[in-house]
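So you can see what is in the structure, the chains are spelled out below.
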Amino acid sequence: MSTLAAVNIVEEIMALKRERNAVILAHHYQESEIQEIADAIGDSLELARKAKELECDVIAFCGVWFMAETAKILNPSRTVIVPDKDAGCSLVDSCPVDMVRAFKRKYPDHVVVSYINTSADVKAESDIICTSRNAVQIVNSIPADQPILFLPDINLGNYVKKQTGRTNMRIWQGACIVHTTFTERKLLEAMAAQPDAFVVAHPECPTPVLQHAGYIGSTSALIDYCVKSEHKSFIVMTESGVQHSLRKLAPEKTFTFVTNENCNCSECPYMKRNSLEKLRDSLATLSPRVELDADMMDRARGSIERMLAVK
Ligand code: 13P
Ligand code: SF4
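Residues numbered from 1 in each chain as written. Chains lettered and ligands numbered in written order. Predicted model: local features only at pLDDT ≥ 70, side-chain atom pairs only at ≥ 80, totals over all residues. Heavy atoms only, no water.

**Q** Let's hear about the overall build of the protein chain: which residues, and what values?
**A** If you tally the helices and strands in the protein chain, you get 15 helices and twelve strands. The C-alpha radius of gyration of the protein chain comes to 19 Å, within 12% of the 19 Å expected for a compact globule of 311 residues. For the protein chain, with 311 residues in total, the buried portion stands at 57%. A sequence separation of at least 24 residues applies to 64% of the contacts in the protein chain between residues at least 6 apart. Of the roughly 13200 Å² of accessible surface on the protein chain, 50% is carried by carbon and sulfur atoms. With 35 positive and 40 negative side-chain charges, the protein chain shows a spacing of 4 Å between the two charge centroids. (Helix = DSSP H or I, 4+ residues; strand = E, 2+ residues; numbered from the N terminus. Rg over C-alpha atoms; globule rule 2.2 N^0.38 Å. Buried < 20%, exposed > 50% of the residue type's maximum accessible area, 1.4 Å probe, protein only. Contact = heavy atoms within 4.5 Å. Areas by Shrake-Rupley, 256 points an atom, 1.4 Å probe, with all protein chains shown as cover. Lys, Arg positive; Asp, Glu negative; His and termini not counted. Charge placed at Lys NZ, Arg CZ, Asp CG, Glu CD.)

**Q** Describe in detail the site of ligand 1, supporting the description with residues and values.
**A** Around ligand 1, the surrounding shell consists of His-27, Tyr-29, Asp-43, Ser-44, Tyr-115, Asn-117, Ser-132, His-179, His-202, Glu-204, Ser-218 and Thr-219. At 3.5 Å, a side-chain N or O of Tyr-29 approaches an oxygen atom of ligand 1. A distance of 2.6 Å separates an oxygen atom of ligand 1 from a polar side-chain atom of Ser-44. For ligand 1, whose free accessible area comes to 300 Å², the fraction covered by protein is 96%. The pocket occupied by ligand 1, as judged from atoms lying within 2 Å of grid points, is the largest cavity. Tallied by class, the residues present in the shell around ligand 1 amount to two nonpolar, eight polar and two charged. (Near = heavy atom within 4 Å. Polar contact = N/O pair within 3.5 Å; in protein donor to acceptor, adjacent residues only side chain to side chain. 1 Å grid on protein atoms, 1.4 Å probe; cavity = no way out; pocket = protein on both sides within 12 Å on 5 of 7 lines; lining within 4 Å. Sits in = over half its atoms within 2 Å of the grid points. Nonpolar A, V, L, I, M, F, W, Y, C, P; charged D, E, K, R; others polar.)

**Q** Quick rundown of the nonpolar core? Include the residues and the values.
**A** Ile-59, Phe-61, Val-113, Phe-150 and Met-237 are the most contacted members of the largest nonpolar core, which has 83 residues in total. Residue contacts for Phe-150: discarding those within four places in its chain leaves Val-113, Cys-130, Val-139, Leu-156, Gly-157, Val-160, Met-169, Arg-170, Ile-171 and Trp-172. Counting residues in hydrophobic clusters, the runner-up holds 17 residues, among them Ile-9, Ile-24, Ile-34 and Ile-81. (Core = buried A, V, L, I, M, F, W, Y, C linked by side-chain atoms within 4.5 Å.)

**Q** Let's hear about the site of ligand 2: which residues, and what values?
**A** Neighbouring ligand 2 are Tyr-29, Val-64, Cys-89, Ser-90, Leu-91, Asn-117, Cys-176, Val-178, Glu-204, Cys-268 and Tyr-270. If you map ligand 2 onto the pockets, it falls in the largest cavity. Counted by class, the shell around ligand 2 contains eight nonpolar, two polar and one charged residues.

**Q** Requested: an account of empty space enclosed by the protein, with residues and values cited.
**A** What the rule picks out here adds up to two cavities of 30 Å³ or more. Estimated volume of the largest cavity: approximately 220 Å³. Lining the largest cavity we find 23 residues, and of these Tyr-29, Met-67, Asn-117, Glu-204 and Met-271 sit closest to its centre. Classifying every residue of the lining of the largest cavity gives twelve nonpolar, nine polar and two charged. Of the voids in this model, the second largest cavity is the one considered here, and its volume is about 40 Å³. Along its surface, the second largest cavity is lined by Ser-44, Leu-47, Ala-48, Phe-61, Met-67, Thr-70, Ala-71 and Ile-116. Contributing elements (two or more residues each) for the lining of the second largest cavity: α3 (44–53) and α4 (65–74). Among the residues forming the lining of the second largest cavity, the class breakdown is six nonpolar, two polar and no charged. (Points joined across faces, edges and corners; volume = space filled by probe spheres on them.)

In structure tokens form, the structure reads like this:
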């Protein structure tokens, strides 16, 4: 897109935003031009909290569908739109609600701790939600002898199990197609090329990758850590959209993103479905729009509120 065309689209978006009394929320994995015009940028926990504080009629959620569902559940009277209806997530796809219900029938004594990367109906079947930022804290808030089902991310689950020392924790077998395809081999190559670089990683990465990380945290926690750290050079094991904030907040530092084995990039194809044009069109038509059953939202809200109440 030419610069002039982008400027025109941004003007159209701003006019529609005023007309609709809308706010734009963007996840750190969105394209830079979307992050530039967002009212708030954050990780999944920050955006869930932000969605609760808003004064607006419309939330234009530039992220993936489950994040927009969370915003809708916390703001049932507001209109929530997503630029592209196919902005999904492999973790959501790995965890159909029927399988969760079948598990609950088989193991009724288990507390279900669900990662926020799940569908609204799975959240409604869950006891409590967590994000990558608070997963250890949430599991620690549950009595030590209570059996737990942690779903759906196997890598985050293994990380949490290790950090909390839980033995009675079953873990679903889902994975993020971006983080799970980062390999130790490529990380070791990058570390050999830059021996002074400090490694930071998202906990959705596999254990062999995480074992080399000096710091493990959620998207925003990684950004905060790199900005405040004394280190000058980093190898960053997560989605490359975080470059936008890192380069803005710490222009003097260097950040290397290791590519994954699937596509030789480190981009989430679901997150990248959104674009400025689609954002403009969704504000104009108020679609694709998140619409959910009211009873299901009430049950899902309970499990999200239980997470938000854990300090
Ligand atoms: P965050 O909780 O770090 O935003 O992660 C969400 C996500 O989808 C990571 O792949
Ligand atoms: Fe889902 Fe992975 Fe994309 Fe995050 S990066 S939205 S976990 S597929």
